[in-house]
Amino acid sequence: MATNKIALIRYQTIDKCLQNHFRKWTLEDLIEKVSEALYEYEGITTGISKRTIQGDIQVMRSDKLGYNAPIIVKERKYYEYEDKDYSIHNSPISTADLDKMKEVISVMKQLNGFNYFDDMNEIITRLESNLSKQDSKQPNYIQFEENPLLKGLEHLNRLYQAIVKKQSLLISYQSFTNLSKSREPKQAVYYPYLLKEYRNRWFLLAKARKGKILYTLALDRIVDFYELANEPFVDESEIDFEHYYDNALGVTKTVKDREQRVVFRVNKKLAPYVITKPIHATQKIINEDEKGTIFSIEVIHNFELERELLGFGEELEVIAPKLLKRNIKRRLEKALVFYLKKN
């Protein structure tokens, strides 16, 4: 049963009142305290009706929220907890709720490996501690793809905060090209716009202060970065970053790139795999025959597209466009030459 924020404030206020056994609480007293709490936390000045508080007490007494609060009425006027030690905050959790919370904690622990939020560890620890008091340890029934050796994940949280706060950054970046030439990392001022994950690697989409193009910076190549308090942030209001990568596989893309219709045939054996796991969201079936299935997708031509198609090997044939077909053919020929030389 979903509970809104206002209702929770009312339940918690009533609970706090009834824990105070040095005072006798009438319905009018509870209405007054709840009204004060709603004004303090939410700025609500309309007041609370007697019927609302009576309904709240019934909900707290019931099992709807798992409270089963032992609220009794003395002298047909005063409300109190029959159990002097009771509070809705220490009420037992149902078995079903316990199982759901364990699953949620398992997921949170996986996400925490990416350091999204600094205080996630504390939240997870508290939840695990509370649950361990009520039940034995639950096996992990869900696993995420992760690479503990991957570098750059320690930058995620700070970069995320910089994007949210529109903070200019001085980034020290060591590209693979510079690394091969034994050069020092390059420093430049960037305006960060988006964090993007692809195949368990993270990338930052940003624009450099010098120039107008967008850069895709791999987080594992960022040596360090610093927030620049006195550097004005340059926004890109004309670009919809939420849908920037909708027409692309991977992260290699420029603002000027336009999608094109890519047509390919997958043999009969592998076609069901491509049908159930589309290469791209725009994938459509054009035709099916004894040789296999012909598909089409609407994407830009980039390195990741070629790598994805090459990954199917002899099971997939590119039909169009001609440039993509030539590129795939050339790369397969080079691979063949490489293996023939080895023999």
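About the cut-offs
Residues numbered from 1 in each chain as written. Predicted model: local features only at pLDDT ≥ 70, side-chain atom pairs only at ≥ 80, totals over all residues. Heavy atoms only, no water. Phe/Tyr/Trp six-rings, centres within 6.5 Å; stacked < 30°, edge-to-face > 60°. Helix = DSSP H or I, 4+ residues; strand = E, 2+ residues; numbered from the N terminus. Buried < 20%, exposed > 50% of the residue type's maximum accessible area, 1.4 Å probe, protein only. Lys NZ or Arg CZ within 6 Å of the ring centre and 35° of its normal. Core = buried A, V, L, I, M, F, W, Y, C linked by side-chain atoms within 4.5 Å. Contact = heavy atoms within 4.5 Å. Pairing = 2+ DSSP bridges. Axes fitted to C-alpha atoms, helices over the stretch in contact; angles between N-to-C directions. Expected span 1.5 Å × (residues − 1). Parallel < 35°, antiparallel > 145°, perpendicular 65-115°, else oblique. Nonpolar A, V, L, I, M, F, W, Y, C, P; charged D, E, K, R; others polar.

Enquirer: Quick one: what's the story with the packing of aromatic side chains, residue by residue and with numbers?
Expert: A full pass over the atoms with the stated rule returns 11 aromatic pairs. With a centroid separation of 6.2 Å and 80° between ring planes, the pair formed by Y11 and Y67 is classed as edge-to-face. Highlighted residues: Y11 in helix α1 (residues 5-19) and Y67 in the loop between α3 (50-61) and β1 (71-74), separated in sequence by 56 residues. On the basis of relative accessibility, which here comes to 6%, the residue Y11 falls in the buried class. Accessibility expressed as a relative area gives 12% for Y67, which makes it buried. Between Y193 and F233 the ring centres are 5.9 Å apart and the planes differ by 80°, which places this aromatic pair in the edge-to-face class. One end of the pair, Y193, is in strand β4 (residues 186-198); the other, F233, is in the loop between β7 (222-227) and β8 (260-267), and 40 residues separate them in sequence. Following the ring pairs from residue to residue traces out a cluster consisting of Y191, Y193, F233, F241, Y244 and Y245. Taking NZ or CZ as reference, R23 lies 4.2 Å from the ring centre of W25, over its face.

Enquirer: Explain the nonpolar core to me, and be specific about the residues and the numbers.
Expert: L159, I171, L195, L204 and L219 are the most contacted members of the largest nonpolar core, which has 34 residues in total. Those elements giving two or more residues to this core turn out to be α6 (156-165), β3 (169-173), β4, β5 (201-208), β6 (214-218) and β7. Residues contacting L159, with those up to four places away along its chain left out, are L169, L195, L204, L219, I222 and F225.

Enquirer: Account for the sheet that holds β3, with residues named and values stated.
Expert: Pairing within the open sheet is antiparallel, and its 5 strands lie in the order β6-β5-β4-β3-β7. The sheet is open, and its two edges are formed by β6 and β7, each paired on a single side. Across the sheet, the axes of successive neighbouring strands diverge by a mean angle of 45°, strand direction being ignored. Pairing analysis gives 5 bridges linking β5 to β6, with the strands arranged antiparallel. Bridging across to β6, K207 finds its partner in L214. Lying on the sheet, α6 is in contact with β3, β4, β5 and β7; it crosses β4 at an angle near 100°.

Enquirer: An account of the sheet that holds strand β9 (residues 284-289) is requested, with residue identities and associated values reported.
Expert: Strand order in the open sheet formed by 4 strands is β9-β10-β8-β11, with antiparallel pairing between adjacent strands. With partners counted over all chains shown, the strands left at the sheet margins are β9 and β11 (316-320), one partner each. The average angle at which neighbouring strand axes cross in this sheet is 25°, direction not considered. In this sheet, β11 lies alongside β8 in antiparallel orientation, the contact comprising 4 bridges. In the strand pairing of β11, F264 is matched with V318.

Enquirer: Give a description of α1 that names residues and reports values.
Expert: Between its first and last C-alpha atoms α1 spans 21 Å; for 15 residues at 1.5 Å apiece the expected length is 21 Å, and the two agree. Those residues of α1 that sit buried are A7, I9, R10, Y11, T13, I14, D15, C17 and L18. For α1, the elements touching its buried residues are α2 (27-42), α3, β1 and β2 (78-81).

Enquirer: Give me α6: which residues, what numbers.
Expert: For α6, the full list of buried residues reads L156, N157, L159, A162 and I163. Close packing links the buried residues of α6 with β3, β4, β5 and β7.

Enquirer: Before we move on, could you go through the packing of α2 against α3 and cite the residues and values that matter?
Expert: Direction vectors running N to C along α2 and α3 enclose 95°, while the axes themselves pass 10 Å from each other. With respect to α3, the element α2 is oriented roughly perpendicular. Touching L27, E28, L30, I31 and V34 of α2 are K50, I53, Q54 and I57, all from α3. Of the residues in the contact of α2 with α3, the class split is 6 nonpolar, 1 polar and 2 charged.

That is the geometry; function is a separate question.
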